[in-house]
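# Summary of structural features
Spelled out, the chains give:
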Amino acid sequence: MPSYSVRPATARDAKAIAEIHVATWQAAYADLMPSDFLHGMTVEKRQAYWREAIEFIEPQLLVATEGDQVIGFVGFDRSRDAGTRSTTGEIWALYVAPGHWGQGAGLALWDGAREGLKEEGCTQVTLWVLLRNERALRFCEQAAGFKREMPSLKTVAFGSVKLEEIRLKRAVD
């Protein structure tokens, strides 16, 4: 397995993060979302979003690198869900370039985010996953130890398609 390093994202990482974001959505959601919606995602739009996130540290961003190449990222911070305790964190995004799936980069990013959430005083962490994204659910449940919160299902529109997301939760420790 390759060896990955995890570090805080910098402004110069915004383009690589955007490229990974678009590529992973197009690969992971090809059978779930309309192709016009997926192909409407542009690196330029995502780059502007991630550049701002890096600048304002919302969410906190870490990148996984192999050598000098960014191959994945994780965004995390306090939970955005209404009614959650201040000690509940959330993984806002966790994406790895498709060519690196299943090789440990996601787990390295999760470990980095978990450490960051601990430093922020979080004791619980949640994340939302599309119910039909079996690869992500397998990673979250089997590799990262999350459990599904069954009453948490919500429907989200992606273009002309509505899909269900489920919240997963675990202790930060």
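Anything mentioned here points back to the structure above.
Residues numbered from 1 in each chain as written. Predicted model: local features only at pLDDT ≥ 70, side-chain atom pairs only at ≥ 80, totals over all residues. Heavy atoms only, no water.

### Some thoughts on the side chain of Ser79
With respect to the helices and strands, Ser79 occurs in the loop between strand S3 (69-78) and strand S4 (88-96). A distance of 3.4 Å separates the side chain of Ser79 from the side chain of Thr84, its partner in a polar contact. Residues in contact with Ser79, not counting those within four places in the same chain, are Thr84, Thr88, Gly89, Glu90 and Thr126. (Helix = DSSP H or I, 4+ residues; strand = E, 2+ residues; numbered from the N terminus. Polar contact = N/O pair within 3.5 Å; in protein donor to acceptor, adjacent residues only side chain to side chain. Contact = heavy atoms within 4.5 Å.)

### Comments concerning the environment of Glu19
Position of Glu19 relative to the elements: it lies in helix H1 (residues 14-28). Note on Glu19: relative accessible area 37%, which makes it partly exposed. Taking the C-alpha atoms as reference points, Glu19 and Asp77, separated by 58 residues in sequence, lie 22 Å from one another. (Buried < 20%, exposed > 50% of the residue type's maximum accessible area, 1.4 Å probe, protein only.)

### Overview of the packing of aromatic side chains
For the structure on display, the rule yields eight aromatic pairs. Considering the side-chain rings of Tyr49 and Trp50, the 4.7 Å spacing of their centres and the 85 degrees angle between planes classify their relative orientation as edge-to-face. Ring geometry for Trp50 and Phe73: centres 5.0 Å apart, planes at 65 degrees, overall edge-to-face. Highlighted residues: Trp50 in helix H3 (residues 43-56) and Phe73 in strand S3, separated in sequence by 23 residues. Accessibility expressed as a relative area gives 3% for Trp50, which makes it buried. The structure contains a cluster of three or more aromatic residues connected by ring pairs, namely Trp25, Tyr29, Phe37 and Phe158. Above the plane of the ring of Trp92 lies Arg80, whose end atom (NZ or CZ) is 4.1 Å from the centre. Over the face of the ring belonging to Trp128 we find Lys154, whose NZ or CZ atom lies 4.1 Å from the ring centre. (Phe/Tyr/Trp six-rings, centres within 6.5 Å; stacked < 30°, edge-to-face > 60°. Lys NZ or Arg CZ within 6 Å of the ring centre and 35° of its normal.)

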